[in-house]
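Per-entry structural report
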Amino acid sequence: MVLVVFQSEEMAGRRVECLWKRHVAEQLKQRDRVQRQAFEEIIHQYNRLLERSDLQAVFSERLQTDKYEQQNRHDLSPGVDGGRSDSLQQEMAQMRIKHQEELTDLHKKRGELAQNVIELNNQIQHKDKEIQSNEAKMLEYQQQISHLEGECRELRNSLADLERANQTLRDEYDALQITFNALDEKLRKTTDDNLELVTRWMAEKAQEANKLNAENEKDSRRRQAKLQKELADAAKEPLPIEPDDDIEVLSEDAGKGTGETSPGGQPSRTPSKRTSQPPPPAGLLDSITNIFGRRRSVNSFGTSPEPAEAASMCSDVRVPSTAVHIFDAHDGEVNAVKFSPGSRLLATGGMDRRVKLWEVVSGHCELKGTLTGSNAGITSIEFDSAGSYLLAASNDFASRIWTVDDSRLRHTLTGHSGKVLSARFLLDNARIVSGSYDRTLKLWDLRSKVCMKTVFAGSSCNDIVCTEQCVMSGHFDKKVRFWDIRAESIVRELELLGRVTSLDLNHDRTELLVCSRDDLVKIIDLRSNAVRQTFSAQGFKCGSDFTRVTFSPDGSYVAAGSADGVLYIWNVLTGKLDKTLDKGHSSAINSVSWSPSGAYVVSVEKASKAVLWSDM
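With that settled, consider the overall build of the protein chain. Each helix and strand in the protein chain was counted, giving four helices and 28 strands. Across the 616 residues of the protein chain, 35% fall into the buried class. Restricting to contacts in the protein chain with at least 6 residues of sequence separation, those with at least 24 account for 48%. As displayed, the protein chain offers around 37800 Å² of accessible surface, 52% of which is attributable to carbon and sulfur atoms.

All told, the structure shown has 21 salt bridges when counted by the stated rule. Among the ionic pairs, Arg 481 bridges to Glu 493, the shortest N-O distance being 3.1 Å. Here Arg 481 is found in strand E16 (residues 479-484), whereas its partner Glu 493 is found in strand E17 (residues 489-495), with 12 residues between them in sequence. A network of salt bridges, in which partner residues are shared, links Glu 382, Arg 424, Asp 463 and Arg 548.

Together, Leu 55, Val 58 and Phe 59 give the surface a local cluster of nonpolar side chains, amounting to about 230 Å² of exposed area. With respect to the helices and strands, Phe 59 occurs in helix H1 (residues 2-76).

Ordered by their spatial adjacency, four strands build an open sheet running E18-E19-E20-E21, and the pairing between neighbours is antiparallel. The two strands at the open ends of the sheet, each matched to only one other strand, are strand E18 (500-505) and strand E21 (530-535). Pairs of neighbouring strands in the sheet enclose a mean axial angle of 25 degrees, with direction left out of account. Pairing between strand E19 (residues 511-516) and strand E20 (residues 520-525): six bridges, direction antiparallel. Across the sheet, the residue bridging to Leu 513 is Ile 523, located in E20.

Moving on, we come to unusual backbone geometry. Unusually for a residue other than glycine, Lys 449 sits at a positive phi of about 60 degrees. As for its position among the elements, Lys 449 is in the loop between strand E12 (440-445) and strand E13 (450-456).

A separate point is the sheet that holds strand E8 (residues 398-403). What the four strands build is an open sheet, ordered E6-E7-E8-E9; its pairing is antiparallel. Each edge of the sheet is formed by a strand with only one pairing partner; in this case those strands are strand E6 (378-383) and strand E9 (408-414). Pairwise comparison of adjacent strand axes, ignoring direction, gives a mean angle of 20 degrees for this sheet. Relative to strand E7 (residues 389-394), E6 is paired through five bridges, and the arrangement is antiparallel. Across the sheet, residue Glu 382 finds its bridge partner in E7, namely Leu 391.

This next bit is on the pairing of strand E14 (residues 461-466). Taking burial as the measure, the six residues of E14 include six buried ones, the bulk of the element. With five bridges joining them, E14 and strand E15 (residues 470-475) adopt antiparallel strand pairing. Counted as the bridge partner of Cys 461 is His 475 from E15. The hairpin turn running from E14 into E15, its antiparallel successor, is three residues long.

With respect to the element layout, His 107 can be found in helix H2 (residues 82-236). A relative accessible area of 47% places His 107 in the partly exposed class. C-alpha of His 107 to C-alpha of Leu 49: the two residues are 58 residues apart in sequence and 9.2 Å apart in space.

Moving on, we come to the environment of Leu 49. Counting through the fold element by element, Leu 49 comes out in helix H1. Considering only alpha carbons, one finds Leu 49 and Lys 109, 60 residues apart in sequence, at a separation of 7.9 Å. Apart from residues lying up to four places away in sequence, Leu 49 is in contact with Leu 106, Lys 109 and Leu 113.

Its location among the elements puts Ser 544 in the loop between E21 and strand E22 (550-551). Taking the relative accessible area as the measure of exposure, Ser 544 reaches 13% and is therefore buried. A distance of 3.2 Å separates the side chain of Ser 544 from the backbone nitrogen of Phe 546, its partner in a polar contact. Apart from the residues lying within four places of it in its own chain, the contact partners of Ser 544 are Thr 501, Arg 517, Asn 590 and Lys 606.

The geometry of two aromatic rings is summed up by the distance between their centres and the angle between their planes. Counting across every chain of the model gives six aromatic pairs. Plain terms: the ring middles of Phe 535 and Trp 570 are 5.9 Å apart, the flat faces sit at 35 degrees to each other, and that makes the pair tilted. Of this pair, Phe 535 sits in strand E21 while Trp 570 sits in strand E24 (residues 567-571), and the two are 35 residues apart along the sequence. The burial state of Phe 535 is the same as that of Trp 570; both residues are buried.

So, on to the state of the cysteines. Applying the stated criterion across every chain yields a total of zero disulfides. In this model Cys 461 remains outside any disulfide bridge; the closest cysteine sulfur is found in Cys 466, 10.0 Å from its own. Relative accessible area serves as the criterion here: at 0%, Cys 461 is assigned to the buried category.

Bringing the confidence of the model for the protein chain into the picture now. Scored by pLDDT, the protein chain comes out at a mean of 81, with 82% of its residues at no less than 70. Considering only residues more than four positions removed or in separate chains, one finds that residues 241-313, a stretch of pLDDT under 50, has 73 contacts.

Let us look at the pairing of strand E4 (residues 355-361). The element E4 is largely enclosed, with a buried count of five among its seven residues. Here strand E3 (residues 345-350) runs beside E4; their pairing, made up of five bridges, is antiparallel. Across the sheet, residue Ala 347 finds its bridge partner in E4, namely Leu 357. Alignment of E4 against strand E5 (residues 364-371), held across seven bridges, turns out to be antiparallel.

Thresholds, definitions, all that
Residues numbered from 1 in each chain as written. Predicted model: local features only at pLDDT ≥ 70, side-chain atom pairs only at ≥ 80, totals over all residues. Heavy atoms only, no water. Helix = DSSP H or I, 4+ residues; strand = E, 2+ residues; numbered from the N terminus. Buried < 20%, exposed > 50% of the residue type's maximum accessible area, 1.4 Å probe, protein only. Contact = heavy atoms within 4.5 Å. Areas by Shrake-Rupley, 256 points an atom, 1.4 Å probe, with all protein chains shown as cover. Salt bridge = Lys/Arg side-chain N within 4 Å of Asp/Glu carboxyl O. Patch = residues over 30% accessible without salt bridge, like charges linked within 9 Å, V, L, I, M, F, W, Y side chains within 5 Å. Pairing = 2+ DSSP bridges. Axes fitted to C-alpha atoms, helices over the stretch in contact; angles between N-to-C directions. Polar contact = N/O pair within 3.5 Å; in protein donor to acceptor, adjacent residues only side chain to side chain. Phe/Tyr/Trp six-rings, centres within 6.5 Å; stacked < 30°, edge-to-face > 60°. Disulfide = S-S within 2.5 Å. pLDDT = per-residue confidence, 0-100.

Below, the structure is given as structure tokens:
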């Protein structure tokens, strides 16, 4: 098919070449006819003048001959023809004058015609130059036409290739759509089956618990009846009473072993056996615990969050003023940074798919380890409350957990259909919440390593923070949503003026720090659900949809990075800009983290650098 198209294009090119050659020949003939017609009359008149001039020359020669003959005759016979000669001389003189006048007119016309010929020759030369110029232009245009025809052929070939590729992509898309519809239907059926199985399982558990409760109640009644019977028998059996026996005697009327004193106020003494009531059955408590779960005060990793929370409180926060260490953190853009709860370690994540651990020693960051396993760029980093585990979200639709001590990958949580932009530990460190570009939030249980809940948020989730029973998420649709973990529903929403890029909580979890693309940083009072403070500065500009800001450990300062590479620090109490640090970054700042000890602030940029700030 391509050969036929090429041959047809070649034949069409030949026909076009013949047409333009024929057109040029016809134009030349037409020009020849027009120019010849304009000069034909002039040339004809010029030829006639030349003929008349030649004739005049002949007449002049003949007159000269006749003159000489007349003079000779006159010399030979002067007396005979004297009178006749005079008349002839007069006639000759008149003819000479007449011929002289005609000759003068002829010379004048000849000069005029010569001048016309010169002018016409000049015009012909000018026209020749124009013809040459037009021919050069025609040649140039012909070359351009050839070049454009070549480009057209290439574009036709490219168009054919693109149409074939487009058709292939359409076929693949149709196949993928069919596969997706089948998988979606399978997922829906699986979800329905799972829901039905869970419902049946809960019903069976409830029935089992009811049966177990009934059996335990029957067993408790049997034990109680047996105990009462033994007490009654023991009360009826007489025993010898020793004087020094220290046994209280209870009368039958005093409650039959219930421990009540006699009305007289003094307990009577009677022989009795020492009996102890058996402990209550443990089966009921265990069954209830198995059904509804047991609230643990210790997290799933064997460390208690309370000491870490207490250690995270800082009473000595210092506002940084100097870049004490500038270093290349990753090969490419650095997206996330976070201090460990003890402020000893610093974690950074970048587009090179790695998480790096840095040890902060005397104002200097030394590389301690590299966490690998992610298949795409890292978007957020979070330590657990003890600093033993590190959680990172990634662009490969997954979240991962590593142990900090040995840098080993422990868990990979997959299930999102878009980039995971944020992931956070809940306060018990046994559950994780992740937010994704696919507009969903997922709750993960680390003990069973499964997704417990999936909530559709309606908009891409850019960041998440958590309290004990509430998850707060910032979204692309300019809203902050508050979720009840138990009810899986939105408690309330708060709409801002720009896309939400970052969320952070102060140390007592009563204030929420929000950064948005309208270049404003706001503090929301969670008790009144209202904006308490708004921070802005001339030159401050939010650099991306994922720019992270942070509270200081004591909540008295706010740090945020700008698109021009400047770090801004505001005082929460006064609401004014406290510091502007502009010597360290060469590109937009992506994320900022304040150490729990309050001594350091670290910021990372869209280039490869990280900057450690302090007041030293």
